Amino acid sequence: MRASTIKRSLGAELTHKIKESRVLLVGAGGIGCELLKNLVLTGFGEVHIIDLDTIDLSNLNRQFLFRHEHIKKPKALVAKDVAHNFRPDVKLEAYHANIMDSQFSVGWFKSFNIVFNALDNLAARRHVNSMCLAAGVPLIESGTTGFNGQVQVIKGGETECYDCNPKATPKTFAICTIRTTPSQPIHCIVWAKSYLLPHLFGASEEEAAELDTTENSDNAQEIAKLRKEAQTLREVRKAMGTEDFFETVFKMVFEADIERLRAMEDAWKTREAPKVLAFDELLERSNSTVVPDSSADQRPWTVEENFTMFKDSLTRLSKRFKELQDKAAPEDPEPILTFDKDDEDTLDFVAATANLRAEAFHMGSTSKFDTKQMAGNIIPAIATTNAMTASLCVLQSFKVLRNDLSSAKMVFLERSGQRAINSEALRPPNRKCEVCNVARGILSMDANATLEDLVKGVLQLDLGYSEELSIRVGQEIVYEPDMEENISMKLSEFGIKHDTTLTVIDEDDREQDPRVNLECWVTERNGSVEYPKPITLEVQGEIPRMPAQKESGASVPEIADASKATDSVIASEQDSVETSEFANGLGKRKREAEDEPLTNGHVDKKVASGSSQTANDAVVVVDDDENGAIVIDD
């Protein structure tokens, strides 16, 4: 019945294309759950779901595919099983993994007809954007923040890509990394402010920890684990006011919980696992350390000072909390302490706690002054916004399947005037975008091919590059003119193998218009066949030159109609979420000439790992798709 209704609504041709499509859904959080349901019920024949995260209790209010019995289980795997109940005949594949892992190569992306991004992480969004461009696969990008949302169709060579417009320094962050894999100091600040502080001095956790007591073989183990965690928290709160309270809290947070995170092996495949902070060792080291006073607010505290301040602020807050409890009448609600940037006790606690957590995750300390500036507002997730955004993604996918990009739109959910949904036509690629305005080629190599075979035998001899060039694999520079010691090494020694991508950058400053970057998808040859050269490189047509620079040397993106230009909306698993004017409720933003321009295609080796957030930036934390201690501030 449903299939016939869809066929009457969409037509036989589109219905057939939908049924034969193989699509990838990246992210199974707030938007991802809604999107997966829509894809399955619309009739898509094969859907692959990938997500690194596991289900948390706080996800259940908006990620409707998940129930109590699913807590602590992988989101992607559970989403697959539950979605099968909607339509048993659909083919679903799930991966509890990081989309940035090397196993998900360009060749793998090529196997899909459409990719849907439901991510909450700027680095991963840019990675998927780049992979889809390299694979030639259409991407439907989406994000939400509060009541606002955005959907963008991206197709290499025909539309703007995710990075065609300059992105502001990340200022908003989703919750997926805050409790599990923080990578920036702001993650630690938010965790201290909106997770640990409320857990210790907020409302009782007993009611929130209650679960469906229906025991069965599927959920008994998970219910037992959650009850144990809730019991541990209740016992810690009971110790408040005793001499053991500080030690109990510290060991729970920086020893036991860090050990739990270290056990999540999948999260540490591409980054260093956190280190346990030993209580006894820090206690001994800080014996002679005094509590930092106001004169130390603008400098980062040492580990010992953070340890001392953690103890001191915890003692002050415990005393205040006990006094409130003693004064409260039996009929009064349970007293709570909340963060206030002008409250020295809570600010000291957040600053010290965040810095200790940053130490555990191999990050630098943040001054109390900067912590106060960075502890910003929090935007809660809105389930309705996620549902509307997911629906718009599917509607735009119909236009992609019809090869009707002229009808596809950039769609915005924003409460402005009389309209909740606004849109604008897709625009062509920015000619100065170093992500999509690149040449692409297929590099075929023997197992013993060297860097010299590539640089001198192909790039310089065959393609006419000068000696001023560099080669990058990911963000790592493997060759430039002053790295001659690498020239005789095999490409395989740099991790260059089948299905990897390398980028050739023209660094010749004598050229007024150097070549655009050349991205090469690597394939390995069959060893049983002999080839005339160890490396061959197939490039379609000539490699274009970069557009001429302005006299100032700054590269400013060309704008077809600046009055209609916008930033992409946010959403940020293992890093940060991108911010936009949506986060401030201002709707679409004009791209102005004074916006930070894109680079001219050359790699700034000093900042290849990404930009950092300035201390004075306003910070907005977006509870988009993931773990939700942040909903406490709702």
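Residues numbered from 1 in each chain as written. Predicted model: local features only at pLDDT ≥ 70, side-chain atom pairs only at ≥ 80, totals over all residues. Heavy atoms only, no water.

Peer 1: Can you help me understand the overall build of the protein in this one?
Peer 2: The secondary structure content of the protein amounts to 16 helices and 17 strands. The proportion of buried residues among the 634 residues of the protein is 54%. Total accessible area computed for the protein in this model is approximately 28,100 Å², and 48% of it derives from carbon and sulfur atoms. (Helix = DSSP H or I, 4+ residues; strand = E, 2+ residues; numbered from the N terminus. Buried < 20%, exposed > 50% of the residue type's maximum accessible area, 1.4 Å probe, protein only. Areas by Shrake-Rupley, 256 points an atom, 1.4 Å probe, with all protein chains shown as cover.)

Peer 1: Help me out: how do you make sense of the nonpolar core in this one?
Peer 2: As a rule of thumb, nonpolar side chains are buried together in soluble globular proteins. In this structure, Leu200, Phe201, Val249, Phe250, Phe310, Leu314 and Phe349 are the most contacted members of the largest nonpolar core, which totals 52 residues. Sorting the residues of this core by element identifies helix H7 (185–201), helix H10 (245–262), helix H11 (279–285), helix H12 (303–327) and helix H13 (344–360) as the ones contributing at least two each. Ranked by residues supplied to this core, first place goes to H7 with 11 residues. (Core = buried A, V, L, I, M, F, W, Y, C linked by side-chain atoms within 4.5 Å.)

Peer 1: Hey, could you run me through the environment of Met410 in this one?
Peer 2: Along the chain, Met410 turns up in strand E9 (residues 409–416). Expressed as a C-alpha distance, the spacing of Met410 and Val151, which sit 259 residues apart in the sequence, is 5.9 Å.

Peer 1: In this structure, what is going on with the UniProt feature "binding site: Zn(2+)" (unreviewed entry) in the protein? I would like to understand it.
Peer 2: In the UniProt entry, the feature "binding site: Zn(2+)" (unreviewed entry) is given for Cys161, Cys164, Cys433 and Cys436. These annotated residues cover 276 residues of sequence, but their C-alpha atoms sit close together, with the largest distance between any two at 8.6 Å. Structurally, Cys161 is set in the loop between strand E6 (148–154) and strand E7 (172–173). Residue Cys161 is classed as buried on the basis of its relative accessible area, which comes to 2%. Owing to a relative accessible area of 1%, Cys433 belongs among the buried residues under this scheme. (UniProt positions renumbered as here; feature names shortened; annotations may be inferred.)

Peer 1: Would you mind showing me how to read a negative patch on the surface here?
Peer 2: Among the surface-exposed residues, Glu467, Glu468, Asp482, Glu484, Glu485 and Asp509 lie close enough to one another that they form a single negatively charged patch. Structurally, the position occupied by Glu485 is in the loop between strand E13 (476–479) and strand E14 (501–506). (Patch = residues over 30% accessible without salt bridge, like charges linked within 9 Å, V, L, I, M, F, W, Y side chains within 5 Å. Salt bridge = Lys/Arg side-chain N within 4 Å of Asp/Glu carboxyl O. Lys, Arg positive; Asp, Glu negative; His and termini not counted. Charge placed at Lys NZ, Arg CZ, Asp CG, Glu CD.)

Peer 1: Can you help me understand unusual backbone geometry in this one?
Peer 2: When glycine is set aside, most residues are seen to have a negative phi, and most peptide bonds are trans. Even without a glycine there, the phi angle at His362 is positive, about 65 degrees. With respect to the helices, strands and loops of the structure, His362 is situated in the loop between H13 and helix H14 (368–374). Taking relative accessible area as the criterion, His362 reaches 34% and is therefore assigned partly exposed. One non-glycine residue, Asn403, adopts positive backbone phi at about 55 degrees. Along the polypeptide, Asn403 turns up in the loop between helix H15 (383–401) and E9. According to the relative accessible area criterion, Asn403 is exposed, its value standing at 59%.

Peer 1: Explanation requested: H15 in the structure shown.
Peer 2: For an α-helix, 3.6 residues make a turn, and residues three or four places apart therefore share a direction. Between its first and last C-alpha, H15 extends 28 Å over 19 residues, near the 27 Å set by a 1.5 Å rise per residue. Regarding H15, the residues found buried are Thr385, Asn386, Thr389, Ala390, Leu392, Cys393, Val394, Gln396, Ser397, Phe398, Val400 and Leu401. Just past H15, the residue Asn403 takes up positive phi, approximately 55 degrees. (Expected span 1.5 Å × (residues − 1).)

Peer 1: How should I be thinking about H7 in this particular structure?
Peer 2: The end-to-end C-alpha distance of H7 is 23 Å, a good match for the 24 Å that 17 residues give at a rise of 1.5 Å each. Ala192 marks the point of greatest bend in H7, at about 35 degrees. By the criterion of burial, H7 is predominantly enclosed, with 16 of the 17 residues buried. (Bend = angle between axes of the 7 residues up to and from the residue.)

Peer 1: Is there a simple way to explain the packing of aromatic side chains in this structure?
Peer 2: For the structure on display, the rule yields 21 aromatic pairs. Both rings, one in Tyr95 and one in Phe104, keep their centres 5.6 Å apart while their planes meet at 85 degrees; by these two values the pair is edge-to-face. Aromatic ring contacts, followed pair by pair, group Trp191, Tyr195, Phe201, Phe246, Phe250, Phe254, Phe279, Phe307, Phe310, Phe321 and Phe349 into a single cluster. Stacked on the ring of Phe112, the Lys or Arg Arg22 has its end atom at 4.5 Å from the ring centre. A cation sits over an aromatic face here: Arg357 above Trp191, 4.1 Å from the ring centre. (Phe/Tyr/Trp six-rings, centres within 6.5 Å; stacked < 30°, edge-to-face > 60°. Lys NZ or Arg CZ within 6 Å of the ring centre and 35° of its normal.)

Peer 1: How do you make sense of the environment of Leu401 when you look at a structure like this?
Peer 2: Inspection of the secondary structure puts Leu401 in helix H15. For the pair Leu401 and Leu14, spaced 387 residues apart in sequence, the C-alpha to C-alpha distance is 7.3 Å. Leu401 has contacts with Leu14, Lys17, Ile18, Ser21, Phe44 and Ile114, leaving out every residue within four places of it along the chain. (Contact = heavy atoms within 4.5 Å.)

Peer 1: It is not clear to me how the packing of helix H3 (residues 30–42) against helix H4 (residues 75–86) should be interpreted in this structure. Could you clarify?
Peer 2: Describing two packed helices takes the angle between their axes plus the distance from one axis to the other. The geometry of H3 relative to H4 is characterised by a closest axis approach of 10 Å and an angle of 35 degrees between their N-to-C directions. As H3 runs across H4, the sense of the crossing is right-handed. Contacts between H3 and H4 involve Leu36, Lys37, Val40 and Leu41 from the first element and Ala79, Lys80, Ala83 and Phe86 from the second. Of the residues contributing to the contact of H3 with H4, the split by class is six nonpolar, no polar and two charged. (Axes fitted to C-alpha atoms, helices over the stretch in contact; angles between N-to-C directions. Left-handed = near helix turned anticlockwise from the far one by under 90°. Nonpolar A, V, L, I, M, F, W, Y, C, P; charged D, E, K, R; others polar.)

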